[in-house]
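Structural features, examined
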Amino acid sequence: MRYYYLDIYKTFSCMAGECPSTCCAGWSIRVDEEALERFDALPESDLKEDILQHIQKKQDGYYFMNRPDGSCMMLDPDGLCRIQRNSREEILCITCRKFPRLAGRVQQDYWMSMASSCPVTAGYLWTKTVGWYMTDGEISQEIDWTELPYDKERKEWLEWFMDSLRKQSEAAPDSMEESVHFLWNMYQRMYDLMEGCLELLASSPELSYLEGSFDYFEKDYGAAEIISQMMTFQENFRGKLREFTKNYMLYRVYSRCLEFPEESSQKCLFTVAGELFLFYILRFSRYHTIHRDDLPSVVAEINWMYRFCVHSKRRSDQFTSLLKDKFKKLEYLAEIIIRIS
């Protein structure tokens, strides 16, 4: 068996109570059946009562309840889990024990990655260049993404996407007329997707941390002012967005392969491209409303985008359907992403 893993997987260390974006908020944490049995088998105590009264049964399984601010009911004010504080790690459910690590079988191999709802992972994607290792027996070697055993369609599409990004970075600047036309069209697509996301947010109270993130689109700006602000955004972030786009596309296609090994290439690629576009919307809106472009702000936006798009299978499917409704074709969405990057 071969093992493939993202290079950050080797060096990751948990921030625990120092984490600025706790993993115990912003999503409903599933309680697997084995963990439920462990909780039920605990000696009678305040801890056992505390745990069991904060688990609720939903249609597809059991979940920890959330507070109105989206945090797990088992999260203490100091950012630490009350279960782990008063027992041992082995008691925790699978989700809490392994987060943010992702691991799974892909055909005959074992793949390992990291969730970018973790600020360490998000910071790595924004500031570093992603890399991979492959271990076969006792030999571990660094490999290029092209050496990952993707199916033909994924590999060919990724090669086209990376080559298109390179060509775009080397291309002559658009004329003013072309630039205005593209930016206005992109703004309309951003607005359309934002409206669809707001509808999804209305049914997801655990995502309350996103409140205010789309405020830019609620303001009454004129077309000329919008175009000017779009240009400012491009000027300030184009180089950084290009590197992040390459990183995120390669990282997420890899991660989705291990999370959903039976998923079609088209659905995988469409969803990853949509996640990137949602991040651009968050970055653009917050840049022009809270006027911050520091690393903690960007990391928070990556975390929020990932939680919104990934941490609920139901919402993830709804988001993919929304993308297909708004963009119709993957190539159309990909070309927008390439041009803004």
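Residues numbered from 1 in each chain as written. Predicted model: local features only at pLDDT ≥ 70, side-chain atom pairs only at ≥ 80, totals over all residues. Heavy atoms only, no water.

1. Points about the overall build of the protein chain
The cut-off we apply is this: Where helices and strands are cited, they refer to DSSP runs of H or I of at least four residues and of E of at least two residues respectively, numbered from the N terminus. This radius of gyration counts C-alpha atoms alone. The globule rule is 2.2 Å times how many residues there are, raised to the power 0.38. Each residue is placed in one exposure class: buried if its accessible area under a 1.4 Å probe, protein chains only, is under 20% of its type's maximum, exposed if it is over 50%, and partly exposed if it falls in between. Residue contacts are defined here by distance: any two heavy atoms, one from each residue, within 4.5 Å place the two residues in contact. The protein chains shown are the only cover counted for residues, whose accessible areas, like all others here, come from Shrake-Rupley with a 1.4 Å probe.
Broken down by element type, the protein chain carries 13 helices and eight strands. Scaling as 2.2 N^0.38, a compact globule of 341 residues should have a C-alpha radius of gyration of about 20 Å, and the protein chain matches this with 21 Å. In terms of principal-axis extent, the alpha carbons of the protein chain reach across some 70 × 55 × 35 Å. Going through the 341 residues of the protein chain one by one, you find that 52% of them count as buried. Sequence separation of at least 24 residues holds for 75% of the intrachain contacts in the protein chain that already meet a minimum separation of 6. Total accessible area computed for the protein chain in this model is approximately 16400 Å², and 49% of it derives from carbon and sulfur atoms.

2. Observations regarding the nonpolar core
The following threshold applies: Residues grouped as a nonpolar core are buried Ala, Val, Leu, Ile, Met, Phe, Trp, Tyr and Cys residues, joined through side-chain atoms within 4.5 Å.
In this structure, Met249, Phe277 and Phe308 are the most contacted members of the largest nonpolar core, which totals 93 residues. Among the elements that take part in this core, helix H9 (residues 223–259) stands out by supplying 16 residues, more than any other. Other than its neighbours up to four places away in sequence, Met249 contacts Trp157, Leu158, Phe161, Met162, Val272, Ala273 and Leu276. Counting 18 residues, the second largest nonpolar core, distinct from the first, contains Phe39, Leu75, Ile91 and Cys93.

3. Describing the environment of Phe327
Tracing the backbone through its elements, the reader meets Phe327 in helix H12 (residues 313–327). Since its relative accessible area comes to 3%, Phe327 is described here as buried. Along the primary structure Phe327 and Ser208 are separated by 119 residues, whereas in three dimensions their C-alpha atoms are 27 Å apart.

4. A closer look at the packing of aromatic side chains
To keep things clear, this is the line we draw: A pair of Phe, Tyr and Trp rings is counted when the ring centres sit within 6.5 Å of each other, with Trp represented by its six-membered ring. The angle between the planes then sorts it: under 30 degrees is stacked, over 60 is edge-to-face, the rest tilted. Comment: the charge-over-ring label is applied if NZ (Lys) or CZ (Arg) is within 6 Å of the ring centre and within 35 degrees of the ring normal.
Using the criterion set out here, one finds 33 aromatic pairs in the structure. Here the aromatic rings of Trp126 and Phe244 are separated by 5.4 Å at their centres, their planes lie at 55 degrees, and the arrangement is tilted. With Trp126 in helix H6 (residues 119–127) and Phe244 in helix H9, the pair connects residues that are 118 residues apart, well separated along the chain. A single burial state applies to Trp126 and to Phe244, both of which are buried. Relative to Phe279, the ring of Trp126 lies with its centre 5.9 Å away and its plane at 65 degrees, an arrangement referred to as edge-to-face. Remark: Phe279 occurs in helix H10 (residues 265–287) and Trp126 occurs in helix H6; sequence separation between them is 153 residues. What links up through ring pairs into an aromatic cluster is the set Trp184, Tyr187, Tyr191, Tyr216, Phe217, Tyr221, Phe233, Phe237, Phe284 and Tyr287. When the ring centre of Tyr62 is taken as reference, the NZ or CZ atom of Lys57 above it lies at 5.6 Å. Lying across the ring of Phe308, Arg315 places its NZ or CZ 5.6 Å from the centre.

5. So, the side chain of Arg283
For clarity, the threshold we go by: In protein, a polar contact means a hydrogen-donor-capable atom and an acceptor-capable atom, both N or O and within 3.5 Å, with residues adjacent in sequence counting only if both atoms are side-chain atoms; elsewhere, any N or O pair within 3.5 Å suffices.
Turning to its location among the elements, Arg283 is positioned in helix H10. For Arg283, a relative accessible area of 0% puts it in the buried group. Polar contacts involving the side chain of Arg283 include one to the side chain of Glu301, which spans 2.5 Å. With residues up to four places along the chain from it excluded, the contact list for Arg283 reads Phe233, Phe237, Arg292, Asp293, Ser297, Val298 and Glu301.

6. Brief notes about helix H7 (residues 152–170)
Convention followed: Expected span, for any helix, means 1.5 Å times one less than how many residues it has. It is the directions from the helix axis to the C-beta atoms that the arc portrays.
Between its first and last C-alpha, H7 extends 27 Å over 19 residues, near the 27 Å set by a 1.5 Å rise per residue. Residues of H7 that are buried include every one of Arg154, Trp157, Leu158, Phe161, Met162, Ser164 and Leu165, and no others. Here the buried residues of H7 occupy an arc of 160 degrees about the axis, which is enough to place them on one side. Along H7, exposed side chains directed more than 90 degrees from the buried face belong to Lys152 and Glu170.

7. Notes on the pattern of salt bridges
Here is the rule: Counted as salt bridges are all cases of a side-chain nitrogen of Lys or Arg within 4 Å of a carboxyl oxygen of Asp or Glu.
Per the counting criterion, the structure on display carries 23 salt bridges. As a salt-bridge pair, Arg256 and Glu275 come within 3.9 Å of each other at their nearest N and O atoms. Highlighted residues: Arg256 in helix H9 and Glu275 in helix H10, separated in sequence by 19 residues. Here Arg256 and Glu275 have matching classes, each one buried. The network of salt bridges with common partners includes Arg252, Arg256, Glu259, Glu263 and Glu275.

8. Notes on the environment of Trp132
With respect to the helices and strands, the residue Trp132 is situated in strand E7 (residues 132–136). Not counting chain neighbours up to four residues away, the residues in contact with Trp132 comprise Tyr5, Leu6, Asp7, Gln141, Glu142, Ile143, Trp145, Leu148, Leu250, Tyr251 and Tyr254.

9. Brief notes about the sheet that holds strand E1 (residues 2–6)
Defined as follows: Two strands are counted as paired when DSSP detects at least two bridges linking them. Note on geometry: axes are C-alpha line fits, over the in-contact stretch for helices, and angles between N-to-C directions span 0 to 180 degrees.
In space, the five strands of this open sheet follow the order E5-E6-E1-E7-E8, with mixed pairing throughout. With one partner strand each, in any of the chains shown, strand E5 (101–106) and strand E8 (139–143) form the two edges of the open sheet. Averaged over all neighbouring strand pairs, the angle between strand axes comes to 20 degrees, with direction disregarded. In terms of strand pairing, E5 meets strand E6 (residues 109–114) through six bridges, oriented antiparallel. When the sheet's bridge partners are listed, Val106 is paired in E6 with Asp109. Where H9 meets the sheet, it contacts E1, E5, E6 and E7, and its direction lies at approximately 130 degrees from that of E6.

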